[in-house]
Amino acid sequence: METAICGRVSLSPHHVFNKSGDRHYFNKKCSYRSSLTTMSTTALGKGGGLLERPTIETTPGRESEFDVRKSRKTAPPYRVLLHNDNFNKREYVVQVLMKVIPGMTLDNAVNIMQEAHYNGLSVVIICTQADAEEHCMQLRGNGLLSSIEPDSGGC
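Residues numbered from 1 in each chain as written. Predicted model: local features only at pLDDT ≥ 70, side-chain atom pairs only at ≥ 80, totals over all residues. Heavy atoms only, no water.

J.: Which residues make up the overall build of the chain, and what values do they have?
T.: Counting its secondary structure elements, the chain contains four helices and seven strands. Taken across its 155 residues, the chain has 26% of its residues classed as buried. A sequence separation of at least 24 residues applies to 62% of the contacts in the chain between residues at least 6 apart. Looking at the chain as shown, the accessible area adds up to about 11200 Å², and 53% of this sits on carbon and sulfur atoms. (Helix = DSSP H or I, 4+ residues; strand = E, 2+ residues; numbered from the N terminus. Buried < 20%, exposed > 50% of the residue type's maximum accessible area, 1.4 Å probe, protein only. Contact = heavy atoms within 4.5 Å. Areas by Shrake-Rupley, 256 points an atom, 1.4 Å probe, with all protein chains shown as cover.)

Now the structure itself:
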């Protein structure tokens, strides 16, 4: 028996669909997925069915979640740099960092601001090039001096 299913199916050893062993087709459209899984079983008596390897048909033109994650991982990392300036107050720099950078805590923002103030430069975040460019533009839009560079992986 061959059945089109959505999701997982658990079969007990006594779960036999057709005693004669003939193939019977049952198709069901998946309302919540764009993939169709086909499983096949034959009647073997009380021992249960034999399951063939499931085949998954994806919708053409759509990338799988794995492909999207893989492409994100292979993108080279970039550093967003904050430069010291003599125009903005320290409190304002901390506020802008917390507003622009996702997940930035008060402690991290203060540390980044202090490092830029004393050393002239500080690494704000390491991320993909597209995100780095966006963060840099937002920092500049708020009056801070910022740039990006490829992350060399060193100190």
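Having seen the structure, we can now continue with the description.
J.: Talk me through the environment of valine 100; I want residue IDs and the actual numbers.
T.: When you line up the elements, valine 100 lands in helix H2 (residues 90-100). With relative accessibility at 9%, the residue valine 100 sits in the buried group. Along the backbone, valine 100 and glutamine 138 are 38 residues apart, and their C-alpha atoms lie at a distance of 6.5 Å. Leave out the neighbours within four places in its chain, and valine 100 touches His135, Gln138, Leu139 and Asn142.

J.: Give a detailed account of the sheet that holds strand E6 (residues 121-128), specifying residues and quantitative values.
T.: Reading across from one edge, E6-E5-E7 is the order of the three strands in this open sheet, with antiparallel pairing throughout. With one partner strand each, in any of the chains shown, E6 and strand E7 (145-150) form the two edges of the open sheet. Pairs of neighbouring strands in the sheet enclose a mean axial angle of 25°, with direction left out of account. Relative to E7, strand E5 (residues 77-83) runs antiparallel, the two being bridged by six bridges. Following the sheet pairing, leucine 82 is matched in E7 by serine 146. Running at roughly 130° to E6, helix H3 (residues 106-119) makes contact with E5 and E6 of the sheet. (Pairing = 2+ DSSP bridges. Axes fitted to C-alpha atoms, helices over the stretch in contact; angles between N-to-C directions.)

J.: Give me the lowdown on the pattern of salt bridges, citing residues and values where you can.
T.: Evaluation of the coordinates by the stated rule reveals two salt bridges. Notably, a salt bridge pairs glutamate 149 with arginine 79, separated by 3.3 Å at the nearest N-O pair. With glutamate 149 in strand E7 and arginine 79 in strand E5, this pair connects stretches of sequence that are 70 residues apart. Overall, arginine 79 belongs to the buried group, its relative accessible area being 11%. By sharing partners, the salt bridges in this structure join Arg79, Glu149 and Asp151 into a single network. (Salt bridge = Lys/Arg side-chain N within 4 Å of Asp/Glu carboxyl O.)

J.: I'd like a description of H3, backed by residues and values.
T.: Helix length check: H3, at 14 residues, gives a terminal C-alpha distance of 20 Å against a target of 20 Å (1.5 Å per residue), a fit within 8%. Turning to H3, its buried residues are Ala109, Ile112, Met113 and Ala116. In an axial view of H3, the angular spread of the buried residues amounts to 95°, which keeps them on one side of the axis. With respect to the buried face of H3, the exposed residues turned more than 90 degrees away are Asp107, Asn111, Tyr118 and Asn119. Contacts made by the buried residues of H3 are with E5, H2 and E6. (Expected span 1.5 Å × (residues − 1). Arc of directions from axis to C-beta.)

J.: Describe the nonpolar core, and please don't skip the residues or the numbers.
T.: One finds Leu82, Leu97, Met104, Val124 and Leu139 to be the most contacted residues of the largest nonpolar core, which totals 19 residues. Secondary structure elements with two or more residues in this core: E5, H2, H3, E6 and helix H4 (129-141). In contact with leucine 139, not counting residues within four places along its chain, are Val80, Val96, Leu97, Val100, Leu144 and Ser146. (Core = buried A, V, L, I, M, F, W, Y, C linked by side-chain atoms within 4.5 Å.)

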